[in-house]
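The primary structure of each chain is shown beneath.
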Amino acid sequence: MSRLSRALLPLRFAARELRGGVSGFRIFLACLALGVAAVAAVGSVRMAINEGLIAQGAVILGGDAQVTTTYRRASESERAWMEARADAVSEVVDFRSMAVGGPEDAPPRRVLTQVKAVDDAYPLAGTVTLDPAIALDAALAHQDGLPGAVVERALAARLGLAPGDRYEIGGVPFRISALLVSEPDRASAGFGFGPRSLVSAEALHGTGLVAPGSLFETHYRLKVREEADLVSAEADMDARFPDSGLRWRDRRQAAPGIERFVERIGAFLVLVGLAALAVGGVGIAAAVRSYLEEKTETIAVLKSLGASGRMVGATYLAQIGALAVLGVGFGLALGAGLPLALGPLFADRLPVPALFDVYAAPLAEAGLYGLLTALVFALWPLARAREVRPAALFRDLVERVGRLPASNWVIATGVAGLALAGSATWLSGAPKLALGVIGGVAATLAVLWLSAALLRRMAASLARARWLRGWPVLRLSLAAIGGPGGDTAGAVLSLGLGLTTLAAIAQIDHNLRTTIAQELPDRAPAFFLIDIQNDQRAPILETLQAEPGVGTIQTAPMLRGIVTQLDGVPADEAEIDPEGAWILRGDRGVSYAAEPPAGTELLAGAWWPEDYAGPPLVSFSEEHARELRLDIGDTLTVSVLGREITAEIASLRRVDFSDMGINFLMIFDPGAFAGAPHTHIATVYAGAEAEGPVLASIGAAYPNVTAIGVREAIARVSDGLDQIASAARWAASAVLAVGVVVLIGAAAAGARRRAYEAAILKVIGAERARILGSFALRAALTGGAAGGAALIFSGVGAWAVITFVLEGQFVLEPTIAIAVVLGGALASLFAGLVFALPALGVRPARILRSRA
């Protein structure tokens, strides 16, 4: 035989065996296909959203580029620079205010609204959809002596108004002409505290709603000339107006906040999909082991005829490899096809555009994970079969050999495992999260395996206990769990990991909602007041203090600033911890104070004297200073109202944003902002019964002041959590679904063994009910053990996330815990009974004759 023929011999043997079909590998294929499909589907959806954001970047942004200022409009030179580089420029002013109105026969209602004032050029890209379908310029024109306004349906419903009715924004009357159905640049606007009002910029002139120091942003959307280079334009703007506080964004990153959110939630869901693959890996290992047990005689004959262990290993590795490619192919087809088929049905419900298509990158990533998972979990049982001697194969059809495989197979398994972990870490886009999830899955699998081993040992010991002699059904069940060749390990591993993932997400979701719904309202302010002018601060305090039910009132001067330099280094070039990157994105609230605000806890440095008149000083949050790698004596440069202020860090203090009081990352000495126009912010602590009267009195006397209800803000956060938790639960359900498939596979693989047990028990006189009870109790005990292990591990995992990541207080929810244990027991019981009933119908003579 030639060397080539000898090398191809394992492939010929593998092809001949595969001609008989893949009936023994249905669970193998199902586990691999489901896991790969979960990863591929999530990756395809994430890619569809990213491609949609890129393709519709100009529409989402409202133009090819956007220049933003805070507290002011652009100067003449800045506006001239924009117009010189664009075919068209549109100005949009965005701010919050109070909408007041309601039916004529009822007291006026007050609702927070996000106001967008637009010019005649708006929108430069995309279209605004109204109900009734009229042109935007006609909707914003004057009607019956009042400027027109377009409002979202939610705002009209809260005020009890309809098109044609009158309402006020900050004391300025408008006529509602239409309802706002959609606006093209909504996704780039970020988080809003209230439903939208769309008005004409001309209608704001002389109203005082955007007075100097008021909290508003002005966005200038540019329709650039085709030859214009966005990169060079941004660089030219930074060089020409270095201290202006202008911020640039273009169609390449139209909605960076959404992109970051999609990337993070997508990375998390892909990693949960990897957990599903890990569960499927347990099924893969069980299927390969079961298949090789059925091929025991074939392997023995091959080795007796002179086949080497290498050829046996290569033969069955080729079979497993071919089936792995088939399973991965099924999974990729399912993972690519589901988003493609169902995506268009849900596209209108997404807050961002999505281009559903078949994308190679997520499919390649899912395929790589699938093949590596199959390799990791199949190598070990293949190696065990390769190393067993022919005599042992003939002698022992049930028990597996105890010694370890050859070192090269152990090394190959380890290398494949490291390749899987490394590729997931590298490709996920969230390496720390990936390492945490992979480490958690590996640790959970290891502890679940130890739990299964402990369960078997305890069951074997209890089965021999004298005090259980009067409980034959229980003894039979315990003996089966603790005996060799059972499916205890597979059931505990697969079902345990699936239940652990689902229960951990449920516990985290419950704790977040408990914190938001119960803890925060007990100590949070009733509402915030913003845009309080300097001459309004004292009379507003008097008005609030005169209202019954009002408790503590806190006020502070309020400005917005952009961090431009960290200790002399440009902010975008500074080396910082990733956790602190959010501080440098956009503008941040800043304040000033002559003395430390009440409750201030200095951790380092000292506060300046009340009469301090030297170079600017700043007190910074200690936690966030560490993230920015700043310390006492370092400098910080902040652009406020187009003026850059460089201050030395004089002190570090503790800042706790969770109490929802007035907290600032940066508090400067008063001289740093001498003469700068600004407003004040106030927090009002009051009972629920006082909120209505307070809002009415403040709204009537000071229409420019905006009140933000904390309960409403919490409700909007809760809605966002609902969407995130829903996605996480669906992903965890995929893990559990794969676990159930593995559990069914384990039960199916043990059907032959159960038929043999039933035959023996029938011969010695056992009744069908007792045999069935034994099988059912065995399955329930195994599932209960998996649920109990999942209860512990999910609690530990949820506690770690709540305590160390979210910095909250963890409380175990007993209902979820009980549901986990009962769910595991019932799922295992159902699978066990489904495959136990056929075993009872087999005649003992046929079973015993086949074993003779």
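A few points on the structure. Sequence order as written defines residue numbering, which begins from 1 separately in each chain. Only residues with pLDDT of at least 70 get local features here, since the model is predicted, and only at 80 or more are side-chain atom pairs given and counted; chain-wide, interface and lining totals rely on the full set of residues. Excluding hydrogens and water, the side-chain figures rest on all heavy atoms present in the structure.

### What to know about the overall build of the chain
Then comes step 1: Each helix and strand in the chain was counted, giving 24 helices and 21 strands.
Then comes step 2: Only heavy atoms enter the contact rule, under which two residues are in contact if any of them lie within 4.5 Å. Long-range pairs, those at least 24 residues apart, make up 82% of the contacts in the chain with a sequence separation of at least 6. Note on conventions: DSSP H or I runs of at least 4 residues are helices, E runs of at least 2 residues are strands, and numbering of each starts at the N terminus.

### A closer look at unusual backbone geometry
Then comes step 1: Put simply, Tyr122 and Pro123 share a cis peptide bond, and its omega is -5°.
Then comes step 2: As for its placement among the helices and strands, Pro123 is situated in the loop between β3 (109–118) and β4 (129–131).
Then comes step 3: In this structure, the amide linkage connecting Asp131 to the following residue, Pro132, adopts the cis form with an omega of 5°.
Then comes step 4: Looking at the secondary structure, you find Pro132 in the loop between β4 and α5 (136–140).
Then comes step 5: Positive phi outside glycine occurs at Asp567, with the angle close to 50°.
Then comes step 6: Within the element layout of this structure, Asp567 appears in the loop between β12 (550–566) and β13 (569–570).
Then comes step 7: Partly exposed describes any residue whose relative accessible area lies between the buried limit of under 20% and the exposed limit of over 50%, with all areas from a 1.4 Å probe on protein chains only and scaled to the type maximum. Note on Asp567: relative accessible area 41%, which makes it partly exposed.

### Let's talk about helix α4 (residues 76–84)
Since the α-helix advances by 3.6 residues per turn, residues separated by three or four positions end up pointing in the same direction.
Then comes step 1: Here α4 has its buried residues at Glu78, Trp81 and Met82. Viewed end-on, α4 has its buried residues packed into an arc of 95°, placing them on one side of the element.
Then comes step 2: The secondary structure elements touched by the buried residues of α4 are β1 (65–70), β2 (86–101), β9 (216–224), α7 (230–240) and β10 (247–250). Here, the arc refers to the directions that run from the helix axis to the C-beta atoms.

### Some points on the environment of Ser244
Then comes step 1: Topologically, Ser244 is positioned in the loop between α7 and β10.
Then comes step 2: The exposure class of Ser244 is buried, given its relative accessible area of 9%.
Then comes step 3: Taking the C-alpha atoms as reference points, Ser244 and Thr69, separated by 175 residues in sequence, lie 8.5 Å from one another.

### Focus on the side chain of Arg247
Then comes step 1: Structurally, Arg247 can be placed in strand β10.
Then comes step 2: Among the polar contacts listed, one links the side chain of Arg247 to the side chain of Glu217, at a separation of 3.2 Å.
Then comes step 3: Excluding residues within four positions of it along the chain, Arg247 makes contact with Gln66, Val67, Thr68, Thr69, Thr70, Glu217, Met237, Ile562, Gly586 and Asp587. Any pair of N or O atoms that falls within 3.5 Å is considered a polar contact. Within protein, one atom must be able to donate a hydrogen and the other to accept it, and sequence-neighbouring residues count only if both atoms are side-chain atoms.

### Notes on the side chain of Ser794
Then comes step 1: By the element assignment, Ser794 lies in helix α22 (residues 768–805).
Then comes step 2: Here the side chain of Ser794 touches Leu791 through a polar contact of 3.2 Å, landing on its backbone oxygen.
Then comes step 3: Excluding residues that lie within four positions of it along the chain, Ser794 makes contacts with Thr500, Ala503 and Ala504.

### Quick notes on the packing of helix α13 (residues 407–428) against helix α14 (residues 431–463)
Then comes step 1: A fitted line through C-alpha atoms represents every axis, and for helices the fit uses only the stretch in contact; the resulting angles, taken between N-to-C directions, go from 0 to 180 degrees. Between α13 and α14, the least distance of the axes is 7 Å, while the angle of their chain directions is 150°. α13 and α14 meet at a crossing whose hand is right-handed. In contact with Ala421, Ala424, Thr425 and Ser428 of α13, α14 contributes Pro431, Ala434, Leu435 and Ile438.
Then comes step 2: Taken together, the residues that form the contact of α13 with α14 break down as six nonpolar, two polar and no charged. What makes a crossing left-handed is the near helix being turned counterclockwise from the far one by less than a right angle; a clockwise turn instead makes it right-handed. Each residue is assigned to one class: nonpolar for Ala, Val, Leu, Ile, Met, Phe, Trp, Tyr, Cys and Pro, charged for Asp, Glu, Lys and Arg, and polar for all the others, Gly among them.

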